[in-house]
Amino acid sequence: MATNIKLKASARTMSLKDVYQGGEDKAYSLFRKVRWPETDGAPVCPRCGGLDAYEITTRRKFKCKACQHQFSVTSGTIFASRKLPFTDMLAAVLIVSNAAKGVSAMQLSRDLDVQHKTAWVLAHKLREAMRSETAGFKLSGIVEVDGAYFGGHVRPANMKEDRVDRRLAENQTGKRRVVVAIRQRKGRTLTFVTKQEADGVELVAKTVERSAQIHADEASHWDTLHAMFPTLRVNHSDGYSINGVCTNQAESYFSRLRKMIGGQHHHVSARYLAQYAGHAAWVEDHRELDNGAMTNRAIGLAMAHPVSRVWKGYWQR
Ligand SMILES: [Zn+2]
């Protein structure tokens, strides 16, 4: 059996010890290099693209010589109006990127010794940045599609005669949602939150190249896919993989998402489910990267992501 990549020393290229021993200047320098890779961390004016700026060192700000615009390394990114030191920001990204099963805002706030609401918003901003990596992505090759239900649990009645069929719509709490996962083998995992698994048909049509081969289970709503794609089906009552036809990759994604939600976030409202689903997909797709590479990648996404409309000033509203 292959060794789990995360157990190898080569998977550990960054640690919290490194972050805090390296100090604020080193963390700041990393953010600059990730934001402005083409100039190796020298500032580029976000307004006019000017390469000449005065550096206001004490405030870690810049003033563009061409247009006088004042900016910082995080201006215009999802980390704009950052209040935490760069070491804490870097540590937060490392903790979130490292957490194979996710991390709760409570735990993050304890680890970083910051307020719970600060940790909550920071983690959500990171998830939004991670999800943006596959925005507009098209999958090809062999693509598995599957759905799984989350939330809206109806407690079974104690007496048998009082039990209801939990699958009936009228017995649902209205909070139940399905996560549809569309996963390319050896490729990316796209996730969507909808009310019913059948919505997945349209999502596959939108996100998968017509030349791809689709693998799906026996659920009848997937029948529609045959008209659009070469589609193979696996009947789960016969087995989980028949002649290589399976949805095991999608299943392993759902297993990660269930652990993440069950172990860390507990009851997730429909509103945040999409965020966690995207986070689990990002971790799953990058599970073979070492943690330093994952951290750099996550910072890169955050620094390339515009100010969040959802999370900016979240607690000031
Ligand atoms: Zn400028």
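Residues numbered from 1 in each chain as written. Predicted model: local features only at pLDDT ≥ 70, side-chain atom pairs only at ≥ 80, totals over all residues. Heavy atoms only, no water.

1. Quick word on the pairing of strand 7 (residues 213-217)
On a regular strand, one side chain projects to one face of the sheet and the next to the other, so that they alternate. What counts here: Type-normalised accessible area, obtained with a 1.4 Å probe on protein chains alone, sets the label of each residue: buried when under 20%, exposed when over 50%, and partly exposed for intermediate values. To qualify as a helix, a DSSP run of H or I must reach at least 4 residues; to qualify as a strand, a run of E must reach at least 2; elements of each kind are numbered from the N terminus. In short, DSSP must find at least two bridges between two strands for them to pair.
Of all five residues in strand 7, four are buried, a share of seventy percent or more. Summarising the sheet, strand 4 (residues 142-150) and strand 7 pair through three bridges and their orientation is parallel. Following the sheet pairing, I142 is matched in strand 7 by Q213. Relative to strand 8 (residues 231-234), strand 7 runs parallel, the two sharing four bridges. Paired with D217 across the bridge in strand 8 is V234.

2. Here we look at the coordination of the zinc ion
When a metal carries six donors in an octahedron, the ideal angles between them are 90 or 180 degrees, while four donors in a tetrahedron ideally lie at 109.5 degrees. The condition is simple: A donor here means an N, O or S atom no more than 2.8 Å from the metal, or no more than 3.2 Å when the metal is Na, K or Ca. Since water is not included, a site may seem to lack partners. Just to be clear on the cut-offs, tetrahedral is four donors with all angles between 85 and 135 degrees, square planar is four donors and octahedral six with opposite donors over 155 degrees apart and all others between 65 and 115, and anything else goes down as irregular.
Those protein atoms acting as donors to the zinc ion are C45 (SG), C48 (SG), C64 (SG) and C67 (SG), and they sit at 2.3 to 2.4 Å. Classification of the site at the zinc ion rests on its four donor atoms, whose angles at the metal span 100 to 117°, yielding the label tetrahedral. Read from N- to C-terminus, the donor residues coordinating the zinc ion fall into the pattern C-x2-C-x15-C-x2-C. Of this pair, C45 sits in the loop between helix 1 (16-35) and strand 1 (53-56) while C67 is found in the loop between strand 2 (61-64) and strand 3 (70-71), placing the two residues 22 residues apart along the sequence. C45 sits in the buried class, given a relative accessible area of 3%. Given a relative accessible area of 24%, C67 falls into the partly exposed group.

3. Regarding the pairing of strand 2
Burial along strand 2 is one-sided: the residues F62 and C64 are buried and none of K61 and K63 is. Summarising the sheet, strand 1 and strand 2 pair through four bridges and their orientation is antiparallel. Bridge pairing links E55 to F62 in strand 2. The sheet contact formed by strand 2 and strand 3 spans two bridges and is antiparallel. Opposite F62, over in strand 3, you have F71 as the bridge partner.

4. Focus: the sheet that holds strand 8
Threshold: Only the contacting stretch of a helix is used when fitting its axis, a line to C-alpha atoms as for every element, and angles between N-to-C directions run 0 to 180 degrees. Residue contacts are counted whenever heavy atoms from the two residues lie within 4.5 Å of one another.
The five strands lie next to each other as 6-5-4-7-8, forming an open sheet whose pairing is mixed. Sheet topology places strand 6 (189-194) and strand 8 at the edges, where each strand pairs with a single neighbour. Averaged over all pairs of adjacent strands, the angle between strand axes in this sheet comes to 25°, irrespective of strand direction. Helix 5 (residues 200-207) rests against strand 4, strand 5 (177-184), strand 6 and strand 7 of the sheet, and its axis sits at about 30° to strand 5. The sheet contacts of helix 7 (residues 270-285) involve strand 4, strand 5 and strand 6, and relative to strand 6 the element is tilted by about 170°.

5. Let's talk about the nonpolar core
What counts is decided by this rule: Nonpolar cores were defined as sets of buried Ala, Val, Leu, Ile, Met, Phe, Trp, Tyr and Cys residues, with membership established by side-chain atoms within 4.5 Å.
Residues F31, V73, F79, L90, L108, L112 and W282 are the most contacted members of the largest nonpolar core, which totals 43 residues. Those elements that provide at least two residues to this core are helix 1, strand 2, helix 2 (86-98), helix 3 (105-112), helix 4 (116-132), helix 7 and helix 8 (291-304). At nine residues, helix 2 tops the list of elements feeding residues into this core.

6. Considering the sheet that holds strand 2
Spatially, three strands are ordered 1-2-3 in an open sheet, and the strand pairing comes out antiparallel. The sheet is open, and its two borders are formed by strand 1 and strand 3, each paired with just one other strand.

7. A closer look at the side chain of R32
Checked against the element boundaries, R32 lands in helix 1. Not counting chain neighbours up to four residues away, the residues in contact with R32 comprise G41, A42, P43, E55, F62 and V73.

8. Regarding the packing of helix 2 against helix 8
How we decide: Should the near helix be turned anticlockwise from the far one by less than a right angle, the crossing is left-handed, and should it be turned clockwise, the crossing is right-handed. Each residue gets one label: Ala, Val, Leu, Ile, Met, Phe, Trp, Tyr, Cys and Pro are nonpolar, Asp, Glu, Lys and Arg are charged, and the others, such as Gly, are polar.
Running from N to C, helix 2 and helix 8 cross one another at 115°; their axes reach a closest spacing of 9 Å. Helix 2 and helix 8 meet at a crossing whose hand is right-handed. Between helix 2 and helix 8, the residues in contact are L90, V93, L94, S97 and N98 and N291, M294, T295, A298 and I299, respectively. Each residue belonging to the contact of helix 2 with helix 8 can be placed in one class, and the counts come to six nonpolar, four polar and no charged.

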